[in-house]
Amino acid sequence: MALSETDTATGNQNSFVYVVAALAALNGLLFGFDTGVISGAMLYIKDTFDITMLFGQSIHPSLVEGVIVSGAMVGAIVGAALGGRLADRIGRRRLILVGAVVFFVGSLIMAIAPNTEILIVGRILDGVGVGFASVVGPLYISEIAPPKIRGSLVALNQLTITSGILIAYIVNYAFSSGGEWRWMLGLGMVPAAILFVGMLFMPESPRWLYEQGYKETARDVLSRIRTEDQIDAELREITETIQSETGGLRDLFQPWIVPMLVVGSGLAIFQQVTGINAVMYYAPRILESTGFGDTNSILATVAIGVVNVIMTAVAVALIDRTGRRPLLLTGLTGMTAMLGIAGLVYYLPGLSGGLGVLATGSLMLYVAFFAIGLGPAFWLLISEIYPMEVRGIAMGVVTVLNWAANLLVSLTFLRLVDVIGQSGTFWLYGILSLVALVFCYRLVPETKGRSLEEIEADLRNTSIGSDSSATDRTDAVQTDD
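The shown structure was predicted, so the numbers you read here are calculated from the model rather than taken from an experiment.

## Overview of the overall build of the protein
Alright, step 1. Looking only at helices and strands, the protein features 20 helices and 2 strands.
Alright, step 2. Burial analysis of the protein (481 residues in total) assigns 60% to the buried set.
Alright, step 3. For the protein, contacts bridging at least 24 residues in sequence account for 84% of all contacts bridging at least 6.
Alright, step 4. Within the structure as shown, the protein displays about 17800 Å² of accessible surface, and the carbon and sulfur contribution to it stands at 65%.

## Quick look at the pattern of salt bridges
Alright, step 1. Enumeration over the complete set of coordinates arrives at 9 salt bridges.
Alright, step 2. A salt bridge links R123 to D34; its shortest N-O distance comes to 3.1 Å. A residue pair is termed long-range when its members are at least 10 positions apart, and R123 in helix 5 (residues 116-144) and D34 in helix 2 (residues 26-48) qualify at 89 residues.
Alright, step 3. Close ionic contact of D320 with R324 constitutes a salt bridge, the shortest N to O distance being 3.1 Å.

## Concerning the environment of G36
Alright, step 1. Counting through the fold element by element, G36 comes out in helix 2.
Alright, step 2. Judged by its relative accessible area of 0%, G36 is buried.
Alright, step 3. Along the sequence, G36 and I170 sit 134 residues apart, while their C-alpha atoms lie 9.5 Å from each other.
Alright, step 4. Contact partners of G36, with chain neighbours within four places excluded, come to I165, A168, Y169 and N172.

## Digging into the environment of P387
Alright, step 1. By the secondary structure assignment, P387 is in the loop between helix 17 (374-384) and helix 18 (388-443).
Alright, step 2. Look at P387 and you get buried, because its relative accessible area is 3%.

Thresholds applied
Residues numbered from 1 in each chain as written. Predicted model: local features only at pLDDT ≥ 70, side-chain atom pairs only at ≥ 80, totals over all residues. Heavy atoms only, no water. Helix = DSSP H or I, 4+ residues; strand = E, 2+ residues; numbered from the N terminus. Buried < 20%, exposed > 50% of the residue type's maximum accessible area, 1.4 Å probe, protein only. Contact = heavy atoms within 4.5 Å. Areas by Shrake-Rupley, 256 points an atom, 1.4 Å probe, with all protein chains shown as cover. Salt bridge = Lys/Arg side-chain N within 4 Å of Asp/Glu carboxyl O.

Function-wise, these values are silent; they only describe arrangement.
Now the structure itself:
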């Protein structure tokens, strides 16, 4: 059957949207590469630098290692704290460009670092770029994407995060035989350069343009990503929301916004304190205890990275069909179970043979359940549930919390293992996963299939002081299929 002109136009516009979203999702690749590459590099950095000294002071090696790893988290907190306001002030596209430059410089500094202190400076700069990327990537995509495919396109950002982690693991393995950690860290310049050049040719967010008064430019951008009848409807919705908002940090504490601030903050913290980046940052160290050597430990992390990418791709395919909540609840249930099993396996004496395989398998499944639920759902939901005028600020606030929790996990993991053992550490993360499951079941709304303006309009009808149940709040933004 021949396609109508409307179908053809929609197909062309969706194709352009996919191109824009895929390029913007490279922000996630920076994020993922930075997360994954340090896990392998740290095995060899300690052979180059004296990690018992820092700034002339004698320090426990595990603390110095934690500082090197967590330097990126410190930078990311700064980047996320500034990123929300900068995204609202200078625009989404320009902030992506700035973030790419900062990440490039940070990667270069790490590659040529003469000592531990300069290496940490490079890590911090890398982190600032990642902090910008973690705020503006999902924000930009959510404002470009049509409602029906917004979930999949924003989740594409999470797919590139996991792809970045996998690429980093492969890079680590490729250079592991010679311990060439400078090449591992320096190759982060490549995706940063690709992102910068690509974004030079991409449009600004039409919502941001319209809000800044560039109405004709906003219409021109929308004409490339929407059909004609969709353009007028979307501009009307944007106009109505702009007229009803004042913007600013204090507006985050309006009664109707506070519940979603709680949801976003909770998801931000739980995404990290359930232990995912303890596994991502320290996977080779964790797997060494199963009897693997350095090279084999890095190779095993590649398998974990493959599982991560595959299951994130599954989430991208499902998230606009099944919705956000089912994937969240399924993922957290599986994470809780796998952390319980991992803790039990590490509690038993001797991890060689079958127990070693079971330990590795439980960690792979833990990552798989994270990848299908809490991983993509957090970044998608925080790009959907806040009103346009404060969306950048709100995403900045919750992303800062996310990176702060990430910093806490990266700094404390090795010390937790020293104090309560690997089994106790996994059980602690399992308990927190169970708490996160209850939190999501009670408070997280379903947002699939709605425009950002429709979600905002519905949430205005619910205040934190209302008597409605969590189910009622969920139904308030749930589409009827």
